[in-house]
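Observations on the model geometry
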Amino acid sequence: MKIVDVRWTPAFIPIEAPLRYAFGSHPGFSRIIIEVVTDEGIVGLGECYGGASREGQLAEMRPLLLGEDPFELERIRWKLAAPTALKLFGHVLGYAGLEFALLDIQGQALNRPVCDLIGGRVRNEVPFSAYLFYRYPNAKGEGEVSNAAQMMAFARELVRRYGFTTLKYKNGVLPPDEEIETFQALREEFPKHKIRLDPNAAWSVTTAVRVARKLHQDDVEYLEDPVWGMRAMKRVNAKAPWVTLASNMSVFAFDDLEPAAFADILDVPLLDVHWYGGISRARLAGQVCETLGMDVGIHSGAEFGISQAATIHLAAALPNLTVAPDSHYHHLTDDVIEGGKLPYGPGGTLAVPRGPGLGVKLDRDKLARYAEMSRTQQMGSWIEDPKRPGAVTHQPKW
Ligand code: MG
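Residues numbered from 1 in each chain as written. Predicted model: local features only at pLDDT ≥ 70, side-chain atom pairs only at ≥ 80, totals over all residues. Heavy atoms only, no water.

**Some details on the sheet that holds strand E11 (residues 268–271)**
In plain terms, the rule: Between any two strands, at least two bridges found by DSSP are needed for them to pair. Elements are defined by DSSP. Helices are runs of H or I of four residues or more, strands are runs of E of two residues or more, and each kind is numbered from the N terminus.
One open sheet accounts for 7 strands, arranged E5-E7-E8-E9-E10-E11-E12; its pairing is parallel. At either end of the open sheet lies a strand with only one pairing partner, and these are strand E5 (130–132) and strand E12 (297–298). Where E11 and E12 come together, 2 bridges link them in parallel fashion. Paired with leucine 271 across the two strands is isoleucine 298, which belongs to E12.

Now the structure itself:
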């Protein structure tokens, strides 16, 4: 089998209401939908982060992929995304989207789901977390989350609608004392839920340790990236040893796992099918973590259905996945896959697809609609928060 075409389409899908985080806001999500075509007529689907630089990566990789056999994954990885290329040129995101498509082709050719190609499923449903953000009101004036009362109402609505048993509370937007009080209110209202915090490294070590101390009795599931950098994470771990630490910002690549383990920097690396270079590489990273005695979680970067399916296949095959993966998915108003958004089951779960490959197909009408939207709505990684000009700089805020 040979690859005869690689094409991609940027798309923008609106979300229920604009999300706020430590360094900006999201009016909606931009992604690039990838199609890899073979001479046998099989089309593999991939997806990566949006933006001109990712399109540039795909344009550079396209001629190198033409003529290759989609089953020769290691040969292709060393051709397109050798470790030096990843480190020096940052090829990882474009390559990861292509890897999803190659595994989708393999699965379709073998009539087996992708999780069967990476070790097989150890679970049939994956429980996801509710992703609690501060939000601006949408065009209808609905959905604002700006204070504790609104955050509580938002959490109640998500738990009622989807049945989530884990809550992820996005921090670094309001002053830490307000967010500490809101966490305590969430803990009181949801005594049996797991609740995690993630200020996206907006805090100093001093602030992070203070937050950990004030929430010592409040059963924090984990504190994710309270500070930036392995050395600062290590300081928080040493000064607040009772709190479980997770990361997708200071520890997010293969090279980071060994120092993270041996310098005792954190407890839970958050894997990602994009940042670790594909579904098969993220699964391998999970096994490295298993050897190093670390549990794993899964990070979310605002996926559409193809990347969401890739994440579910990864989660299906990770025995040491002990915490609910994160997902922005419930914020989306629609999807580009056939049948619309993947449906959540009881307990906020998404079922592991049973069909061949990734188990999702493109809805071409919807892709065309959201590709059109991306012409005017294309966003990069950082959008300034209108209420906090200057927040877009990545320096500690408190
Ligand atoms: Mg994070």
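**Let's talk about the coordination of the magnesium ion**
Using the following cut-off: In this description, a donor is an N, O or S atom within 2.8 Å of the metal centre, a cutoff extended to 3.2 Å for sodium, potassium and calcium. Water is not part of the atom list, which can make sites seem incomplete. The classification of residues rests on relative accessible area computed with a 1.4 Å probe and restricted to protein chains. Under 20% of the type maximum is buried, over 50% is exposed, and intermediate values are partly exposed.
Protein-derived coordination of the magnesium ion comes from Asp198 (OD), Glu224 (OE) and Asn248 (OD1), at a distance range of 2.0 to 2.7 Å. Binding-site remark: the magnesium ion is held by donors from one chain whose sequence spacing is D-x25-E-x23-N. Taken together, the residues span a long stretch of sequence, with aspartate 198 in strand E8 (residues 194–198) and asparagine 248 in the loop between strand E10 (245–247) and helix H10 (254–262) at a distance of 50 residues. Comparing aspartate 198 with asparagine 248 shows no difference in burial state: the two are buried.

**Topic: the pairing of strand E9 (residues 220–224)**
The two faces of the sheet receive side chains in turn, since in a regular strand these alternate between them. What counts, and what does not: Every crossover in which the path from the first strand over the helix to the second runs clockwise, viewed with the strands pointing away from the viewer, is termed right-handed.
Summarising burial for E9: 5 of the 5 residues are buried, a large majority. Pairing of E8 with E9 involves 2 bridges; the strand directions are parallel. Counted as the bridge partner of isoleucine 195 is valine 220 from E9. Between E8 and its parallel partner E9, the chain crosses via helix H8 (residues 205–214), and the hand of that crossover is right-handed. Both E9 and E10 contribute to a ladder of 2 bridges, which runs parallel. Opposite leucine 223, over in E10, you have leucine 245 as the bridge partner. At this point the chain moves from E9, through helix H9 (residues 230–239), to the parallel E10, and the crossover so formed is right-handed.

**Considerations on the domain arrangement of the protein**
Rules: Domain delimitation follows an automatic or database domain assignment. By the convention used here, residues are in contact when the closest approach between their heavy atoms is within 4.5 Å. Note on terms: buried area is the combined drop in 1.4 Å-probe accessible area of two parts once they are placed together, counting the loss on both. Each reported salt bridge corresponds to a side-chain nitrogen of Lys or Arg within 4 Å of a carboxyl oxygen of Asp or Glu.
Annotation of the protein at the domain level lists domain 1 (3–115 + 363–376) and domain 2 (120–351). Its C-alpha centre places domain 1 at a distance of 24 Å from the equivalent point of domain 2. Counting from both sides, the interface comprises 40 residues of domain 1 and, opposite them, 54 residues of domain 2. Both sides of the domain 1 and domain 2 interface together cover about 3900 Å² of buried area, and 63% of this is carbon and sulfur. Taken as a group, Glu16, Arg20 and Cys115 account for 21% of the area that domain 1 buries against domain 2, more than any other trio of residues on that side. Linking domain 1 with domain 2 are 5 salt bridges, by the criterion used here.

**Comments concerning the environment of glutamate 125**
As for its position among the elements, glutamate 125 is in strand E4 (residues 125–127). The sequence separation of glutamate 125 and aspartate 5 amounts to 120 residues, and the corresponding C-alpha distance is 34 Å. Setting aside residues up to four positions removed in sequence, glutamate 125 forms contacts with Thr349, Leu350, Ala351 and Val352.

**So, the side chain of aspartate 335**
Spelled out, the test is: Asp and Glu are treated as the negative residues and Lys and Arg as the positive ones, with His and the ends of the chain left uncounted. Each polar contact in these results corresponds to two N or O atoms within 3.5 Å; when the atoms are within protein, one needs to be able to donate a hydrogen and the other to accept it, and residues that are neighboring in sequence are counted only if both atoms are side-chain atoms.
Along the chain, aspartate 335 turns up in the loop between helix H12 (305–316) and strand E13 (349–351). Buried charge without a salt bridge: aspartate 335, with lysine 341 as the nearest opposite-charge side chain at an N-O distance of 7.8 Å. Among the polar contacts listed, one links the side chain of aspartate 335 to the backbone nitrogen of glycine 305, at a separation of 3.0 Å. A distance of 2.5 Å separates a polar atom in the side chain of aspartate 335 from a polar atom in the side chain of tyrosine 329. Excluding its chain neighbours within four sequence positions, the residues that come into contact with aspartate 335 are Ile13, Phe304, Gly305, Tyr329, Gly340, Lys341, Lys366 and Tyr370.

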